[in-house]
Amino acid sequence: MLVQEPPENTRRRSVAEAVNAGAPYEPELHPSLLREEHILRVQDFSLFYGQSKAIHRVSMNIPKGRVTALIGPSGCGKSTLLRSINRLNDLIDSVRIEGDMILSGRSIYAPNVDVIDIRKRIGMVFQRSNPFPMSIFENVVYALRIDGERRRSVLAETCERALRSAALWDEVKDRLRQSALGLSGGQQQRLCIARAIAAEPEVLLMDEPCSALDPIATIKIEEFIREIAGRITVVIVTHNMQQATRVSNYTAFMYLGRLVEYGATADLFQNPRLPETEQYVTGRFG
């Protein structure tokens, strides 16, 4: 039996067709998102590098206390979007933005916003570990030092709590005064995680945090993500589909600088609504 394509005026455009036609693209948003309290709202957000547009009118709400994964092929804009959440792209001269992001009811991009305060409230862990050239202890309590905290008991308690959360305390508790640069790659990445959560941020951003790590170190970081879920909202960029299914509650699929489909992770992987999503999560492109 020959299956006919639906008429052009009733068939949903693909992302590529919308791009080629210069038309806006409306993402597929699953109703499960409506049941959540949201800590971060991305509203019609676009980002330009000079004349080149990297993110196209993305609107999405990040559920509070949940883990949200951003997936998509290289160059789709997911890391750019992630870095926009704590305004790291401000450091690039050619960048300009349109739209807004709202954290706990307040604009991240308002003219009077203290960007340093935003980066305290929104921690960041990068693809490759970047410990400071100082002791393990001073790495962890760095944000508290910057805030003027000098009480030894507070610093010590914060250091231990953060290192325990990052599953690193037992490995380094007897060498806190030694240089962080002497740690292994996996330990350095967990140290950077401990440093990011020491100031108790509302949101933790993670950009491919396990891409340079061995399987054992990856397991420890994934355990950490599951352990803090509920206390801290996590947004993670990953190319690893299995990792997304293991650690995230919600997943957003991005393609060509646009949000394509967004919903509960189990639904998006097991019953995607759009062919582009289905082709990507099953490995047929990307």
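Scroll up for the structure.
Presented here is a report on the structure given in the accompanying data block. By convention here, each chain's residues receive numbers from 1 onward along its written sequence. In keeping with the predicted nature of the model, local features appear solely for residues at pLDDT of at least 70, side-chain atom pairs appear and are counted solely at 80 or more, and the whole-chain, interface and lining totals rest on all residues. Excluding hydrogens and water, the side-chain values take into account all heavy atoms of the structure.

### A word on the sheet that holds strand 3 (residues 52-63)
This is how the line gets drawn: Think of it this way: DSSP has to see at least two bridges between two strands before they count as a pair. A run of H or I in DSSP counts as a helix once it spans at least four residues, and a run of E counts as a strand once it spans at least two, with each numbered from the N terminus. Note on contacts: a residue pair is in contact if any heavy atoms of the two residues lie within 4.5 Å. In this analysis, axes come from line fits to C-alpha atoms, helices being fitted only over the stretch in contact, and the angle between any two N-to-C directions falls in the range 0 to 180 degrees.
A sheet is described by the order of its strands in space; here four strands give the open sequence 3-2-5-6, paired in antiparallel fashion. The open sheet is flanked by strand 3 and strand 6 (106-107), the only strands paired with a single partner. Inspection of the sheet shows strand 2 (residues 38-49) paired to strand 3 by eight bridges, in the antiparallel sense. Bridging across to strand 3, F45 finds its partner in V58. Lying on the sheet, helix 2 (residues 78-85) is in contact with strand 2, strand 3 and strand 5 (95-103); it crosses strand 2 at an angle near 120°.

### Observations concerning the sheet that holds strand 10 (residues 250-255)
If you walk across this open sheet you meet the seven strands as 1-11-10-4-9-8-7, and the pairing is mixed. In this open sheet, the two edge strands, each paired with only one partner strand, are strand 1 (28-29) and strand 7 (122-125). The pairing of strand 8 (residues 203-207) with strand 9 (residues 233-237) spans five bridges and is parallel. Its bridge partner being in strand 9, L205 is matched across the sheet by V235.

### Topic: the side chain of E261
What counts, and what does not: For every residue, the accessible area (1.4 Å probe, protein chains only) is compared with the maximum for its type, and the residue is labelled buried under 20%, exposed over 50%, or partly exposed between those bounds. Two residue types count as positive, namely Lys and Arg, and two as negative, namely Asp and Glu; His and chain ends fall outside the count. Take a side-chain nitrogen of Lys or Arg and a carboxyl oxygen of Asp or Glu: if they are within 4 Å of each other, that pair is a salt bridge. Any pair of nitrogen or oxygen atoms within 3.5 Å is treated as a polar contact; in protein, a donor-acceptor pairing is required on top of that, and neighbouring residues in sequence qualify only through side-chain atoms on both sides.
Looking at the element boundaries, E261 is found in strand 11 (residues 258-264). The buried charged residue E261 lacks any salt bridge partner; its closest oppositely charged side chain belongs to R273, at an N-O distance of 5.2 Å. Separated by 2.7 Å, the side chains of E261 and H30 make a polar contact. A distance of 3.2 Å separates a polar side-chain atom of E261 from the backbone nitrogen of L274. In this structure E261 touches E28, H30, T251, A252, F253, L268, P272, R273, L274 and T277, once residues within four positions along its chain are discounted.

### Quick notes on the pairing of strand 9
Here is the rule we go by: For the handedness criterion, the strands are oriented away from the viewer, and a crossover whose path from the first strand over the helix to the second runs clockwise is classed as right-handed.
Burial analysis of strand 9 places five of its five residues in the buried class, the great majority of the element. Of the two faces of strand 9, both are covered, the one formed by T233, V235 and V237 as well as the one formed by V234 and I236. Bridge analysis of strand 4 (residues 67-71) against strand 9 gives four bridges, and the strand direction is parallel. The partner of T68 across the bridge, within strand 9, is V235. Since strand 8 and strand 9 lie parallel, the crossover through helix 9 (residues 215-228) that links them has a hand, and here it is right-handed.

### Remarks on the pattern of salt bridges
Counted according to the given criterion, the structure contains 18 salt bridges. E98 is the partner of R96 in a salt bridge, and the nearest nitrogen-oxygen pair spans 3.5 Å. Relative accessible area serves as the criterion here: at 40%, R96 is assigned to the partly exposed category. Looking at E98, the relative accessible area reads 37%, which means it is partly exposed. Linking R190 and E171 is a salt bridge whose minimum nitrogen-to-oxygen distance equals 2.9 Å. Here E171 lies in helix 7 (residues 169-172) and R190 lies in helix 8 (residues 185-197), a separation of 19 residues in the sequence.

### Brief notes about the packing of helix 8 against helix 9
Where we set the bar: Any angle that is under 35 degrees is reported as roughly parallel, and any over 145 degrees as roughly antiparallel; angles of 65 to 115 degrees are reported as roughly perpendicular and all others as oblique. Here is the rule for handedness: rotate from the far helix to the near one, and if that takes an anticlockwise turn smaller than a right angle the crossing is left-handed, while a clockwise turn gives right-handed. Gly is put with the polar residues, along with every residue not named as nonpolar or charged; the nonpolar set is Ala, Val, Leu, Ile, Met, Phe, Trp, Tyr, Cys and Pro, and the charged set is Asp, Glu, Lys and Arg.
Here helix 8 crosses helix 9 at 15°, and the two axes come no closer than 9 Å. Between helix 8 and helix 9, the interaxial angle falls into the category roughly parallel. In this structure, helix 8 meets helix 9 at a crossing whose hand is right-handed. Residues G186, Q189, R190, I193 and I197 of helix 8 form the contact with helix 9, whose participating residues are A217, K220, I221 and F224. Grouping the constituent residues of the contact of helix 8 with helix 9 by class yields five nonpolar, two polar and two charged.

### Observations concerning the packing of helix 6 (residues 152-165) against helix 8
Axis separation between helix 6 and helix 8 bottoms out at 8 Å; the angle between their running directions is 130°. In terms of orientation, helix 6 lies oblique with respect to helix 8. Classified by chirality, the crossing of helix 8 by helix 6 is right-handed. On helix 8, the residues that touch A162, L163 and S165 of helix 6 are L191, A194 and I197.

### Describing the pairing of strand 7
Residues I122 and M124 line one face of strand 7 and the alternating positions G123 and V125 line the opposite face, and both faces are buried. Both strand 7 and strand 8 contribute to a ladder of four bridges, which runs parallel. Across the sheet, residue I122 finds its bridge partner in strand 8, namely V203.

### Brief notes about the packing of aromatic side chains
For clarity, the threshold we go by: Classification of ring pairs rests on two measures: the distance between centres of Phe, Tyr or Trp rings, Trp counted by its six-membered ring, which must be within 6.5 Å, and the angle between planes, read as stacked under 30 degrees, edge-to-face over 60 and tilted in between. A ring is scored as having a charge over it whenever the NZ atom of a lysine or the CZ atom of an arginine sits within 6 Å of its centre and within 35 degrees of its normal.
The tally for this structure, following the rule as stated, stands at four aromatic pairs. These aromatic residues form a ring-pair network of at least three members: F253, Y255 and Y280. A cation over an aromatic ring shows up here: R96 above the ring of F48, its NZ or CZ 3.9 Å from the ring centre.

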